[in-house]
Amino acid sequence: MDSIRIRGGQTLRGKIHISGAKNASLPLLAASLLTDEPLALSNVPHLVDIVTMASLLGQLGVDIKLNGMPAAGRTGRRMELKASNVSNITAPYDLVRKMRASILVLGPLVARTGEARVSLPGGCAIGSRPVDLHMGALRKLGAEMELDSGYIHARAPHGLRGAEIVFPTVTVTGTENAMMAATLAKGETTIVNAAREPEVVDLAQCLVKMGAEIDGIGSDRLRITGKDKLRGAIHSIVPDRIEAGTFAMAAAITEGELELIGAKLEHLNSAAIVLNEAGVTITETSEGLLVKCAGILRGADIMTEPFPGFPTDLQAQMMALMSIASGASMITETIFENRFMHVPELRRMGANITIHNSSALVRGVPILRGAEVMATDLRASVSLALAGLAAKGDTIINRVYHLDRGYERLEEKLAACGADMERIKAAA
Ligand code: UD1
């Protein structure tokens, strides 16, 4: 497997184009199942998770055309998806276990065809991550739900019907599944305590272009009036706020200055507030956001929360940044129960971090030292890359597979801004 070598200590300066959001692209690709007309998506990032979702959709009978590979200096590609006929209703274990977001085909499949078989995802590095809320929402919409040999079997032979769905916990993909299913249900559906993440908003906006009727987009209460049919649409995917937040922290950890082209401040609100407290300035420009850390980096406390709170997907990166800040920071994870796997690796690089249940106390150290590290999930891996950018000496990040799931050409984008970073190809 490939690895990435980083020689730390370079100050990052320049412009980085922010790619389309992975977490918006995945439900948008799944939304193609809702119509027999073509759905044309642009700004789709070139990521392993997107390839996984595309191969799942291909197995279900969706015809996918790729036009426009990423051009030099720009990211994103166009994808046209056409589900004239859904020829298969099974999402098999070997794909779902690779990527939990495969569960996003459950709602669209049962809404369009009246039946779906989706493998239960099973465990995950960052926690148990059940899908009971997805199943409960579809049951509310009238689907019969059974568990059968490790598969969720959903059936609604006479179609779904609108209902009130109250989520006890905010769930991003659960809200997306319920919203997609409700667009083809008979009558009105209300989703209470809906996720408000920008990726949910992007999906809702595309569904509206496809002919869906959705009120309350961006709020925690969505009202969806079901339609008999949806049509095709053209949609450009929202920029990835997690990639933008990660690069903002890369600028800060190297005392550099990066302009993040396409990044939106309103999508980074609470992360931007915390970064400001820590001494990082973020200003809007005509093209995106300018991030710089001129003075001393100070410790700041964070607690992860659903949007608009601080995102759990930036927690690991923030911890890497705080590990060289002056003073202490308390980082509390409230979304996933096991999302501190980066801590032992950061400690190997010299960070001073102690975990107390769901909180990590980070005491800033003057210097990190390069080491050979690896992580078992995407955001943990990128936090080690940030630490490597600031560390003295070489850092080797193994299992680059995780980075490729969610970051498009990470080492190229950072190297173009001065990072001494390269991919080392595994021997064949
Ligand atoms: C999505 C994101 C992921 C992000 C997470 C939280 C995608 C593809 N992934 O994941 O990057 O870290 O939101 O912002 O968009 N839960 C249940 N039962 C369920 C569903 C969720 O108990 O049926 C719990 C989870 O275990 C977790 C919490 O609800 O504790 C929130 O998870 P959720 O928002 O569903 O995460 P995902 O949608 O899987």
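Here the structure is a predicted model, which is why all the values come from computation and not from measurement.

Rules used in this analysis
Residues numbered from 1 in each chain as written. Predicted model: local features only at pLDDT ≥ 70, side-chain atom pairs only at ≥ 80, totals over all residues. Heavy atoms only, no water. Helix = DSSP H or I, 4+ residues; strand = E, 2+ residues; numbered from the N terminus. Rg over C-alpha atoms; globule rule 2.2 N^0.38 Å. Buried < 20%, exposed > 50% of the residue type's maximum accessible area, 1.4 Å probe, protein only. Areas by Shrake-Rupley, 256 points an atom, 1.4 Å probe, with all protein chains shown as cover. Lys, Arg positive; Asp, Glu negative; His and termini not counted. Charge placed at Lys NZ, Arg CZ, Asp CG, Glu CD. Contact = heavy atoms within 4.5 Å. Pairing = 2+ DSSP bridges. Axes fitted to C-alpha atoms, helices over the stretch in contact; angles between N-to-C directions. Near = heavy atom within 4 Å. Polar contact = N/O pair within 3.5 Å; in protein donor to acceptor, adjacent residues only side chain to side chain. pLDDT = per-residue confidence, 0-100. Salt bridge = Lys/Arg side-chain N within 4 Å of Asp/Glu carboxyl O. Phe/Tyr/Trp six-rings, centres within 6.5 Å; stacked < 30°, edge-to-face > 60°. Lys NZ or Arg CZ within 6 Å of the ring centre and 35° of its normal. Parallel < 35°, antiparallel > 145°, perpendicular 65-115°, else oblique. Left-handed = near helix turned anticlockwise from the far one by under 90°.

**Concerning the overall build of the protein chain**
A tally of regular secondary structure across the protein chain gives 14 helices and 24 strands. A compact globule built from 428 residues would reach a C-alpha radius of gyration of about 22 Å, and the protein chain, at 21 Å, matches this within 12%. A burial count over the protein chain gives 57% of its 428 residues as buried. For the protein chain, the exposed area adds up to about 16400 Å²; of that, 50% sits on carbon and sulfur atoms. Here the protein chain carries 45 positive and 46 negative side-chain charges, and the mean point of each set is 2 Å from the other.

**A few points about the environment of K15**
You can see K15 is positioned in strand β2 (residues 13–17). When the C-alpha positions of K15 and S149 are compared, they lie 50 Å apart, and in sequence the two are 134 residues distant. What K15 contacts, discounting residues up to four positions off in sequence, is E259, I261, E287 and C417.

**Observations regarding the sheet that holds strand β14 (residues 233–236)**
Taken together, four strands build an open sheet; the order of strands is β4-β5-β3-β14 and the sheet is mixed. Taken across any chain shown, the strands that pair with only one partner, and hence form the sheet edges, are β4 (63–67) and β14. Put simply, the sheet's adjacent strands are angled 15° from each other on average, direction ignored.

**Some points on the site of the ligand**
D132, T171, T173, D313 and I335 are the nearest of the 18 residues found near the ligand. Between the ligand and D132, the relevant distance is 2.7 Å, taken from a nitrogen atom to a side-chain nitrogen or oxygen of the residue. Here an oxygen atom of the ligand sits 2.5 Å away from a polar atom, N or O, in the side chain of T173. Summarising the interface, the protein chains cover 85% of the accessible area of the ligand, which totals 740 Å² for the free molecule. For the shell around the ligand, the secondary-structure elements that each account for two or more residues are α5 (132–140) and α6 (172–182). If you tally residues by element for the shell around the ligand, the top one is α5, at three residues.

**Details of the confidence of the model for the protein chain**
When pLDDT is averaged along the protein chain, the result is 94; 96% of the residues meet or exceed 70. The model gives residues 70–75 a pLDDT under 50, and that stretch makes 10 contacts with residues more than four places away or in other chains.

**Observations concerning the sheet that holds strand β22 (residues 372–374)**
One open sheet accounts for four strands, arranged β22-β23-β1-β24; its pairing is mixed. Each edge of the sheet is formed by a strand with only one pairing partner; in this case those strands are β22 and β24 (420–424). Across the sheet, the axes of successive neighbouring strands diverge by a mean angle of 20°, strand direction being ignored. Sheet topology places strand β1 (residues 3–7) next to strand β23 (residues 394–398); four bridges connect them, and they run antiparallel.

**So, the pattern of salt bridges**
Evaluated as defined, the whole model comprises 22 salt bridges. Among the ionic pairs, R5 bridges to D420, the shortest N-O distance being 3.1 Å. Of this pair, R5 sits in strand β1 while D420 sits in strand β24, and the two are 415 residues apart along the sequence. On the accessibility criterion, R5 (14% relative accessible area) is buried. Measuring nitrogen to oxygen at the nearest pair gives 3.6 Å for the salt bridge that ties K22 to D49. Remark: D49 occurs in helix α2 (residues 48–60) and K22 occurs in helix α1 (residues 22–30); sequence separation between them is 27 residues. Accessibility assignment for this pair places K22 and D49 in one class, buried. The network of salt bridges with shared partners includes D2, D404, E411, R423 and K425.

**Focus: the side chain of Q315**
The residue Q315 is located in helix α10 (residues 315–322) in this model. The exposure class of Q315 is buried, given its relative accessible area of 0%. A distance of 3.0 Å separates polar atoms of two side chains, one belonging to Q315 and the other to E333.

**Considerations on the packing of aromatic side chains**
What the rule picks out here adds up to zero aromatic pairs. The aromatic ring of Y93 is capped on one face by R97, whose charged end is 5.8 Å from the ring centroid. The lysine or arginine in question, R117, covers the ring of Y151, its NZ or CZ lying 4.4 Å from the ring centre.

**Some points on the packing of α10 against helix α12 (residues 378–390)**
For any two helices packed against each other, the geometry comes down to the angle between their axes and how far apart the axes lie. Running from amino to carboxyl end, α10 crosses α12 at an angle of 20°, the nearest separation of the two axes being 8 Å. The angle between the axes of α10 and α12 places the two elements in the roughly parallel class. α10 and α12 meet at a crossing whose hand is right-handed. Listed contacts from α12 to A316, Q317 and A320 of α10 are R379, A380, V382, S383, L386 and A387.

**What about the pairing of strand β21 (residues 359–363)?**
Extensive coverage of β21 is indicated by the burial of four of its five residues. Relative to β21, strand β19 (residues 328–332) runs antiparallel, the two sharing five bridges. By the bridge assignment for β21, T332 is matched with S359. Sheet topology note: the strand β20 (residues 352–356)/β21 ladder contains five bridges and is antiparallel. Paired with N352 across the two strands is R363, which belongs to β21. In this structure, the hairpin formed by β20 and β21 is closed by a connection of two residues, where N357 is found at a positive phi of approximately 55°.

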